[in-house]
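Commentary on secondary and tertiary structure
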Amino acid sequence: MSWFDPHVDGLLARWAEGTLSPRQSARLLRHAHACERCGASYERLVRASRLLEHADPHVPTGTELAALADTGLAAALAAAEPEASRIRWPSLSLAGGMLAAVSLAVLVVLVQPREELDSLQARGGSGRPARAALRVFCAAKQRPLRELEPSQACPPGAQLAFAVGADAPLSHVAVGLYTRRLQSIEGPFSVTGRPGAEQPLETTLPLQVPAGEVEVLAAFADSPREALAALRGETHQGAVVLRLPLRVGEETP
Amino acid sequence: MLPGDDRSVLQAFREGERATLTRVYRTYSPQVARYLARRFSVRSGSSVHSVSLGALDLDAAHQETFVRAFRPAMRQAYDGVRPYLGFLLTLARSTAVDLLRASGRIAREAVPLDDAPELAHAPTEEHGPEEQALRAEVRTLVRQFLEGLPEEARALAQLRFMEGLSQEAAAARLQLTRGEVRVRERHLRTRFTEHLLARGWLDVPLGGMEKLP
Ligand SMILES: [Zn+2]
């Protein structure tokens, strides 16, 4: 065993023993969200533990409940801060780590293109796609920058700003704003952030479209060309396309 | 109603006082997590089926529920009269559904059904052959583990897990001290993990495991 463990095997072992500290719980879960290998181990450990302790796959164990409680508190308290102090660009890197997989998982729809059988086997058959994260912000005049959740509104004429993160091999992203037909594409950009530590993109998209439903798409791939191709919906392998439906219009309180 | 139910608590909660929010969080976190771990019935078109969140999605949904609940606007929206748990569980459910939609587990237009308990069992379960096989496998693993335990350890597992006794109560029944029960329980859990490793249920060598006797 090496001294430096890039994974969280030791924390998983302590989880299994029921001896994790709150800080360790948070680290374990944060890593498990971002790492396919450890995420799968955690899922399997939980599954077996629930069956051992409650004979029911849908009842969490005491260890699990304690870890969830310890992990979620920081994000909950951060969300309680007044809007103005919560959402600023610098807060992305700070809050990002905590809100991480969470808001993002809820924020996006993951569209994984169907792959050929042999490429699935080549990946070891675990079937979990590489991870990517997209956060979208509404920048309207005279108002604080605000993060948008699915179907939330941003007024016409405002700008959309973005923060993205992705795990290797996803290295580039292209973003697009869609109405009934394609309106605008930005990028490709190289991705510097990771899921949970998203970095702002140096671009904004103006919402110069009539009020109504729109969709933001971000296509992540392992090269600039592939990212653009994925955004255009051309054949692409291993690309990840995230979608966020939005409304152009005045926000309803 | 919040814990420590009186006007000053509600006031502090609305103002976002950290100690109060922390207390509310600690009070309701287990109930929210248990609720989110159960099966949800959803209707998509004419078919009804039940789905549940995986362990990591459960973490995400639990965290997101409180993130939504504690945002300033949502704290103001709570009237202080209705039980706060009901308020939270409603949020938890829509969070779970959002998450299931986002991950493609349920269709975008799928609607969650009401929480009537009979509905939770009525719908046809949607389990592919792979899921069925996993379930059978883990059930067998647990049974084998329990059968392979020495008498004493099996008695402890019986009391703590199957009967759900507290460590104190289990200690009294086994005529042990609570400290002894705690140590034995830790060994029991470690042994279980070793069993999972030995049977290939876990394929990652969990750090520190190999050092145990
Ligand atoms: Zn890992």
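Residues numbered from 1 in each chain as written. Chains lettered and ligands numbered in written order. Predicted model: local features only at pLDDT ≥ 70, side-chain atom pairs only at ≥ 80, totals over all residues. Heavy atoms only, no water.

1. Some thoughts on the interface of chain B and chain A
Accessible area lost during the coming together of the parts is what is often quoted as the interface size. Each side of the interface is counted separately: chain B has 59 residues, and chain A has 60 residues. A buried area of about 5,300 Å², summed over both sides, lies between chain B and chain A, and 63% of it is on carbon and sulfur atoms. Looking at the side of chain B facing chain A, the largest losses of area belong to L56, Q63 and R189 of chain B, adding up to 13% of the total buried there. Notably, a salt bridge pairs E53 of chain A with R189 of chain B, separated by 2.4 Å at the nearest N-O pair. Put simply, chain B and chain A have 12 residue pairs in polar contact (both at pLDDT 80 or more) between them. Examining the composition of the side of chain B that touches chain A, we find that 12 residues originate from one element, helix 3 (residues 55-70) of chain B, more than from any other. (Contact = heavy atoms within 4.5 Å. Buried area = accessible area lost by both parts, 1.4 Å probe. Salt bridge = Lys/Arg side-chain N within 4 Å of Asp/Glu carboxyl O. Polar contact = N/O pair within 3.5 Å; in protein donor to acceptor, adjacent residues only side chain to side chain. Helix = DSSP H or I, 4+ residues; strand = E, 2+ residues; numbered from the N terminus.)

2. Examining the pattern of salt bridges
Within the structure shown, the criterion is met by 18 salt bridges over all chains. Among the ionic pairs, E64 of chain A bridges to R50 of chain A, the shortest N-O distance being 2.6 Å. You can see E64 of chain A sitting in helix 4 (residues 62-80) and its partner R50 of chain A sitting in helix 3 (residues 36-54), a full 14 residues away along the chain. Here E64 of chain A matches R50 of chain A in class, with each residue buried. Ionic pairing is found between E81 of chain A and R18 of chain B, a salt bridge with its closest N-O pair at 3.9 Å. Placement of E81 of chain A in the loop between helix 4 and helix 5 (83-86) and of R18 of chain B in helix 2 (residues 18-37) is noted, with the two residues assigned to different chains. Judged by its relative accessible area of 32%, E81 of chain A is partly exposed. By sharing partners, the salt bridges in this structure join E53 of chain A together with R160, E185 and R189 of chain B into a single network. (Buried < 20%, exposed > 50% of the residue type's maximum accessible area, 1.4 Å probe, protein only.)

3. Observations regarding helix 3 of chain B
An ideal rise of 1.5 Å per residue puts 22 Å on 16 residues; helix 3 of chain B measures up with 23 Å between its terminal C-alpha atoms. The buried fraction of helix 3 of chain B is high, at 15 of 16 residues. (Expected span 1.5 Å × (residues − 1).)

4. Considering the coordination of the zinc ion
Residues and elements named next belong to chain A. Coordination of the zinc ion by the protein is provided by H7 (ND1), H31 (NE2), C35 (SG) and C38 (SG), with metal-donor distances spanning 2.0 to 2.3 Å. One can describe the donor arrangement at the zinc ion as tetrahedral, given that its 4 donor atoms subtend angles of 102 to 120° at the metal. Between consecutive donor residues of the zinc ion, the sequence gaps follow H-x23-H-x3-C-x2-C. Across the pair, exposure class does not vary: H31 and C38 are buried alike. (Donors = N, O, S within 2.8 Å, 3.2 Å for Na, K, Ca; no water. Tetrahedral: all angles 85-135°; square planar, octahedral: opposite > 155°, others 65-115°.)

5. Re the nonpolar core
Membership of the largest hydrophobic core comes to 83 residues, with the highest contact counts inside it found for W15 and Y42 of chain A together with L36, F70 and Y84 of chain B. By residue number, the principal contributor to this core is helix 5 (residues 84-102) of chain B, which donates 10 residues. With 31 residues, the next largest nonpolar core counts L134, C154, V191 and F220 of chain A among its residues. (Core = buried A, V, L, I, M, F, W, Y, C linked by side-chain atoms within 4.5 Å.)

6. A few points about the packing of helix 4 of chain A against helix 3 of chain B
Between helix 4 of chain A and helix 3 of chain B, the shortest axis-to-axis distance is 8 Å and the interhelical angle comes to 35°. For the element pair helix 4 of chain A and helix 3 of chain B, the recorded crossing hand is right-handed. Residues E64, L68, A69, T71, G72, A75, A76, A79 and A80 of chain A of helix 4 of chain A lie in contact with helix 3 of chain B, whose contacting residues are A55, L58, D59, H62, Q63, F66, V67 and F70 of chain B. For the contact of helix 4 of chain A with helix 3 of chain B, the residue count by class is 11 nonpolar, 4 polar and 2 charged. (Axes fitted to C-alpha atoms, helices over the stretch in contact; angles between N-to-C directions. Left-handed = near helix turned anticlockwise from the far one by under 90°. Nonpolar A, V, L, I, M, F, W, Y, C, P; charged D, E, K, R; others polar.)

7. A look at helix 2 (residues 22-34) of chain A
Taking 1.5 Å per residue, 13 residues should reach 18 Å; helix 2 of chain A reaches 19 Å between its end C-alpha atoms and fits that length. Taken residue by residue, helix 2 of chain A has S25, A26, L28, L29, H31, A32 and H33 of chain A as its buried positions.

8. What to know about unusual backbone geometry
Most peptide bonds take the trans configuration, and most residues that are not glycine carry a negative phi. A cis geometry characterises the amide bond from A168 of chain A onward to P169 of chain A, with omega recorded as 5°. Mapped onto the elements of the fold, P169 of chain A is located in the loop between strand 5 (159-166) and strand 6 (172-178). For A55 of chain A, which is not glycine, the phi torsion reads 55° and is therefore positive. On the secondary structure map, A55 of chain A appears in the loop between helix 3 and helix 4. Even without a glycine there, the phi angle at Q175 of chain B is positive, about 55°. Topologically, Q175 of chain B is positioned in the loop between helix 9 (167-174) and helix 10 (178-198).

9. Re the state of the cysteines
All names here are of chain A. Tallied over the entire structure, the rule returns 1 disulfide over all chains. There is a disulfide in this structure between C138 and C154, and the S-S distance comes to 2.0 Å. Taking the sign of the S-S torsion, about 80° here, the bridge from C138 to C154 comes out right-handed. One end of the pair, C138, is in strand 2 (residues 132-139); the other, C154, is in strand 4 (residues 153-154), and 16 residues separate them in sequence. Under the relative-accessibility criterion, C154 is labelled buried at 1%. (Disulfide = S-S within 2.5 Å.)

10. Let's talk about the confidence of the model for chain A
Residues and elements named next belong to chain A. With 73% of its residues at a pLDDT of 70 or more, chain A has an overall mean of 72. When pLDDT is averaged over each element of chain A, helix 3 comes out on top at 93 and helix 7 (residues 117-122) at the bottom at 27. For residues 84-128, every residue scores under 50 in pLDDT, and the model assigns this stretch 106 contacts once sequence neighbours within four places are set aside. (pLDDT = per-residue confidence, 0-100.)

11. As for the environment of S171 of chain A
Residue and element names in this part refer to chain A. Examined against the element boundaries, S171 turns out to sit in the loop between strand 5 and strand 6. On the basis of relative accessibility, which here comes to 23%, the residue S171 falls in the partly exposed class. One polar contact links S171 to H172, side chain to side chain, over a distance of 2.9 Å.

12. Thoughts on the confidence of the model for chain B
Residue and element names in this part refer to chain B. Averaged over all residues, the pLDDT of chain B is 85; the fraction at 70 or higher stands at 88%. No element of chain B has a lower mean pLDDT than helix 6 (residues 117-121), at 45, and none a higher one than helix 2, at 96. Long-range and interchain partners of residues 116-124, a stretch whose pLDDT sits below 50, account for 13 contacts in this model, where long-range means more than four residues apart. Under a pLDDT of 50 for its full length, residues 209-213 has, in the predicted model, 8 contacts with residues more than four places off or in other chains. As a predicted assembly, this complex carries a pTM of 0.63 together with an ipTM value of 0.89.

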